[in-house]
Amino acid sequence: MASSCKTMQKIQGHPCFGGNHHKNGRMHLAVAPKCNIKCGYCTRRHDCANESRPGVTSRLLSPAEAIVRVREVMASPITGPIIKVIGIAGPGDPLFNEETFETFRMVGEEFPHLMKCMSTNGLLLPEKMHLLKEIDLHSLTVTLNALDPGVGAKIYSHVFYHGTKLTGEEGAAQLIANQLEGIRQAAELGFAIKINTVVIPGVNDNEIPAISRKVKELGAFVMNIMPLIPQADFAHIEPPSPEKLEELRKNNEKVIGQFKHCRQCRADAVGLIGQDLQLAPAAQEVTAASPPTEQLFVHRD
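Reading the values: the criteria
Residues numbered from 1 in each chain as written. Predicted model: local features only at pLDDT ≥ 70, side-chain atom pairs only at ≥ 80, totals over all residues. Heavy atoms only, no water. Helix = DSSP H or I, 4+ residues; strand = E, 2+ residues; numbered from the N terminus. Salt bridge = Lys/Arg side-chain N within 4 Å of Asp/Glu carboxyl O. Core = buried A, V, L, I, M, F, W, Y, C linked by side-chain atoms within 4.5 Å. Buried < 20%, exposed > 50% of the residue type's maximum accessible area, 1.4 Å probe, protein only. Contact = heavy atoms within 4.5 Å. Phe/Tyr/Trp six-rings, centres within 6.5 Å; stacked < 30°, edge-to-face > 60°. Lys NZ or Arg CZ within 6 Å of the ring centre and 35° of its normal. Pairing = 2+ DSSP bridges.

This next bit is on unusual backbone geometry. Across the junction of glycine 90 and proline 91, the peptide omega takes the value 15 degrees, indicating a cis bond. Considering the arrangement of structural elements, one finds proline 91 in the loop between strand 3 (83-88) and helix 3 (98-110). Phi is positive for aspartate 136, close to 60 degrees, though the residue is something other than glycine. Position of aspartate 136 among the secondary structure elements: in the loop between helix 4 (125-134) and strand 5 (139-143).

Okay, structure coming up:
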């Protein structure tokens, strides 16, 4: 397991792990469409260019299109100097899509200096760990919302695992067991690990202290306590107030460091946290006649 000092050195420059998010940016590549669990708070049915939430992308990319887009972004005088991290966070689960690994291999060959980062639900984490080591993954985010399968069953309507649909506590128990084992293995390999936990009032808010203690014990570096975005099955639930979130973060930072700058990014986010850019309409299609790099981006409002 990596020491805290080594981990601190490792995450320098990564805006989502405590690296200066005011000057260091990240680029998410939306190459992973398929997902293997159904979270009650997740919906990917529509997209708005000015909407920022996980699971949203304006356009899915193939690995070949993704590497072209990375070249464009890195060549731009606007984004090239600030991008430090290439991440894959969806819109499905990266580990459930071979395109994830193909894309990371291509990025590693052309841009070995860029950190590779992945966000996953963790269901396939133990069995895919050898591939993460092979692609030289830098940092890993695992969304862990419950330790009690009874609570997990209220959050996940089903889990697809090795061709079988698992529901209720059975599905939640399988997911949670794989998440915890995956976090343990990732820590042993020295990955920098962040835990995302979505606070769903009345469902899992009482689980937060136990989650923070467990993931710290397993070797996670930092925790990101995130507010519910009311939608899908949880559209009727009021999200936690900023005061409640701050209270949770303050209480749990005694156990594990807290990341407080999260903006619950889109699957195609590019730029600084909170100051995302997007490809201008003329650049949405990758062609031989792509416009100059300074024309590729427009600000998201």
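Under the definition given, this model contains five salt bridges. In this structure, the salt-bridge partner of arginine 184 is glutamate 181, at a minimum N-O distance of 2.7 Å. With a gap of three residues between them, arginine 184 and glutamate 181 both fall in helix 6 (residues 168-188), about one helical turn apart. Two residues, lysine 214 and glutamate 217, come together in a salt bridge whose shortest N-O distance is 3.3 Å.

Here the focus is the nonpolar core. Judged by nonpolar contacts, the single largest core of 68 residues is most densely connected at Leu29, Val70, Ile86, Leu132, Ile195 and Ile200. Counting residues per element, this core draws most heavily on helix 6, which supplies six residues. What isoleucine 86 contacts, discounting residues up to four positions off in sequence, is Met27, Leu29, Val70, Phe104, Val107, Leu114, Met115, Lys116 and Cys117.

This brings us to the packing of aromatic side chains. Scanning the model with the defined rule gives zero aromatic pairs in all. Residue placement shows lysine 34 over the ring face of phenylalanine 96; its charged tip is 5.2 Å from the ring centre.

Here the focus is the pairing of strand 1 (residues 25-28). Here strand 1 shows two buried faces, one formed by Gly25 and Met27 and the other by Arg26 and His28. Of the pairings in the sheet, the one linking strand 1 to strand 3 comprises four bridges and is parallel in character. Bridging across to strand 3, arginine 26 finds its partner in valine 85.

Now for the pairing of strand 6 (residues 156-161). Looking at chain direction, strand 2 (residues 37-39) and strand 6 are connected through three bridges and run antiparallel. What sits directly across from isoleucine 37, in strand 6, is valine 159. Judged from the four bridges that link them, strand 6 and strand 7 (residues 164-167) form a sheet pairing that is antiparallel. Residue tyrosine 161 lies in a different strand from strand 7, and its bridge partner there is threonine 164. As consecutive antiparallel partners, strand 6 and strand 7 are separated by two residues, and within that stretch histidine 162 has a phi angle of approximately 55 degrees, a positive value.

Geometry only, nothing functional implied.
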